[in-house]
Amino acid sequence: MDDKNLMENILLLEKGVCDLFMHGTIESSTANVHQTFNTALNDALCMQDNIYDKMSEKGWYPTEQAEQNKVNTVRQKFSAC
């Protein structure tokens, strides 16, 4: 397994952790539990962002600039709700 595959797996796992913490935050029954999950979620999101940044620096996670007309179309579609 090379470094790129390893980082892809780490990013995937971190996204899963974020998903679990988000659901824990939403479903928590007390303010204490809610705050604990929320703090863990924010920490995990920061880690996910750091992993993404490292992958992007290495060219392993390329992104494209969205065309403005496509952005406007999506914005109009969802602002109508």
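As shown above, the structure is provided for reference.
Here's what I pulled together on the structure shown here.

About the cut-offs
- Residues numbered from 1 in each chain as written.
- Predicted model: local features only at pLDDT ≥ 70, side-chain atom pairs only at ≥ 80, totals over all residues.
- Heavy atoms only, no water.
- Helix = DSSP H or I, 4+ residues; strand = E, 2+ residues; numbered from the N terminus.
- Rg over C-alpha atoms; globule rule 2.2 N^0.38 Å.
- Buried < 20%, exposed > 50% of the residue type's maximum accessible area, 1.4 Å probe, protein only.
- Contact = heavy atoms within 4.5 Å.
- Lys, Arg positive; Asp, Glu negative; His and termini not counted.
- Charge placed at Lys NZ, Arg CZ, Asp CG, Glu CD.
- Phe/Tyr/Trp six-rings, centres within 6.5 Å; stacked < 30°, edge-to-face > 60°.
- Expected span 1.5 Å × (residues − 1).
- Patch = residues over 30% accessible without salt bridge, like charges linked within 9 Å, V, L, I, M, F, W, Y side chains within 5 Å.
- Areas by Shrake-Rupley, 256 points an atom, 1.4 Å probe, with all protein chains shown as cover.
- Salt bridge = Lys/Arg side-chain N within 4 Å of Asp/Glu carboxyl O.

Helix and strand content of the protein chain: three helices and zero strands. When the elements of the protein chain are put in sequence order from the N terminus, they spell out α-α-α. For 81 residues, the compact-globule estimate of 2.2 N^0.38 gives 12 Å, and the protein chain exceeds it by more than 25% at 17 Å. With respect to the principal axes defined by its C-alpha atoms, the protein chain has extents near 45 × 45 × 15 Å. The 81 residues of the protein chain split such that 15% are buried. Across the protein chain, the fraction of contacts at a sequence separation of at least 24, relative to all contacts at a separation of at least 6, is 59%. Across the protein chain, the centroid of the 7 positively charged side chains sits 8 Å from that of the 12 negatively charged ones.

Following the sequence through the fold, D19 ends up in helix α1 (residues 3-27). The exposure class of D19 is partly exposed, given its relative accessible area of 40%. Along the chain, D19 and N42 lie 23 residues apart, while their C-alpha atoms are 11 Å from each other.

One pass over the full model with this rule turns up two aromatic pairs. Considering the side-chain rings of Y52 and Y61, the 4.9 Å spacing of their centres and the 80 degrees angle between planes classify their relative orientation as edge-to-face.

Relative to the 36 Å expected for 25 residues at 1.5 Å per residue, α1 spans 36 Å between its end C-alpha atoms, a close match to the ideal helical length. Here α1 has its buried residues at M7, L11, E14, C18, G24 and T25.

Let us look at helix α3 (residues 68-79). Between the first and last C-alpha of α3 there are 16 Å, a value that for 12 residues agrees with the 16 Å anticipated at 1.5 Å per step. Little of α3 is tucked away: zero of the 12 residues are buried.

To continue, consider the environment of V74. By the secondary structure assignment, V74 is in helix α3. Considering only alpha carbons, one finds V74 and A31, 43 residues apart in sequence, at a separation of 36 Å.

Our next topic: a nonpolar patch on the surface. On the surface, M1, L6 and I10 cluster together into a nonpolar patch covering about 320 Å² of accessible area. Relative to the assigned elements, M1 resides in the segment before α1. Residue classification places M1 among the exposed positions, given a relative accessible area of 76%.

These figures come from the coordinates and say nothing about function on their own.
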